[in-house]
Amino acid sequence: DTTAIRNALAAAAAAPRGTVSLPAGTYYVSSQIIVPGGVRLRGAGRDATFVEARGMTNTNLFRVTIDQPNVEFREMTLRLGTTEGTFCINGRPNN
């Protein structure tokens, strides 16, 4: 699912305030995804859409940096598996 999410985010970045909608289900991410500025990533609900780390040594699922403003995550649960992971904002981990 990693490539599909990356491609959808890239396409959404071409539109002002583009949105990527993830329907209910579980999406497996095998490497970190850098989120472009101005993009919304929206699930179908925290109990319905799950993004899960699979086979990653670095469990930073998504990375948002200071040069990528106005990023929005909504209505999903991020699962880091059995290892501790972080959500990075501006290159700094936030647990």
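**Here's the deal with the sheet that holds strand β7 (residues 72-74)**
One open sheet holds the 3 strands; their spatial order is β1-β4-β7, and the pairing between them is parallel. Looking at the sheet topology across the chains shown, the edges are occupied by β1 (19-21) and β7. Neighbour to neighbour, the strand axes of the sheet diverge by 10° on average, direction disregarded. In the sheet, strand β4 (residues 40-42) pairs with β7 via 3 bridges, with the strands oriented parallel. Along β7, the bridge assignment pairs L41 with F73.

**With respect to the packing of aromatic side chains**
The tally for this structure, following the rule as stated, stands at 1 aromatic pair. The ring of F50 carries the charged tip of R79 above its face, separated from the ring centre by 3.9 Å.

**Observations concerning the sheet that holds strand β2 (residues 25-29)**
Taken in spatial order, the 3 strands line up as β2-β5-β8 in an open sheet, and their pairing is parallel. In this open sheet, the two edge strands, each paired with only one partner strand, are β2 and β8 (77-79). Averaged over all adjacent pairs, the angle separating strand axes in this sheet is 20°, with direction ignored. Summarising the sheet, β2 and strand β5 (residues 49-53) pair through 5 bridges and their orientation is parallel. Bridge pairing links Y27 to V51 in β5.

**Concerning the side chain of T2**
By the element assignment, T2 lies in helix α1 (residues 2-13). Within the structure, the side chain of T2 is placed 2.7 Å from the backbone nitrogen of S30, a separation counted as a polar contact.

**Notes on the confidence of the model for the chain**
Of the residues in the chain, 80% have a pLDDT of 70 or more, and the chain-wide mean is 82. Here strand β10 (residues 92-94) is the element of the chain with the lowest mean pLDDT, 47, and β1 is the one with the highest, 96.

**Some remarks on the side chain of E52**
Residue position: E52 is located in strand β5. Judged by its relative accessible area of 12%, E52 falls in the buried class. At 3.4 Å, the side chain of E52 and the side chain of R79 are in polar contact. When residues no more than four places from it in sequence are discounted, the contact partners of E52 are T26, Y27, Y28, V29, L61 and R79.

**Some points on the pairing of β5**
Of all 5 residues in β5, 5 are buried, a share of seventy percent or more. Because side chains alternate across β5, one face comprises the buried residues T49, V51 and A53, and the other comprises F50 and E52, equally buried. Two elements, β5 and β8, share 3 bridges in a ladder whose sense is parallel. For V51, the partnering residue across the bridge sits in β8 and is L78.

Here is what the cut-offs are and how they apply
- Residues numbered from 1 in each chain as written.
- Predicted model: local features only at pLDDT ≥ 70, side-chain atom pairs only at ≥ 80, totals over all residues.
- Heavy atoms only, no water.
- Pairing = 2+ DSSP bridges.
- Helix = DSSP H or I, 4+ residues; strand = E, 2+ residues; numbered from the N terminus.
- Axes fitted to C-alpha atoms, helices over the stretch in contact; angles between N-to-C directions.
- Phe/Tyr/Trp six-rings, centres within 6.5 Å; stacked < 30°, edge-to-face > 60°.
- Lys NZ or Arg CZ within 6 Å of the ring centre and 35° of its normal.
- Polar contact = N/O pair within 3.5 Å; in protein donor to acceptor, adjacent residues only side chain to side chain.
- pLDDT = per-residue confidence, 0-100.
- Buried < 20%, exposed > 50% of the residue type's maximum accessible area, 1.4 Å probe, protein only.
- Contact = heavy atoms within 4.5 Å.

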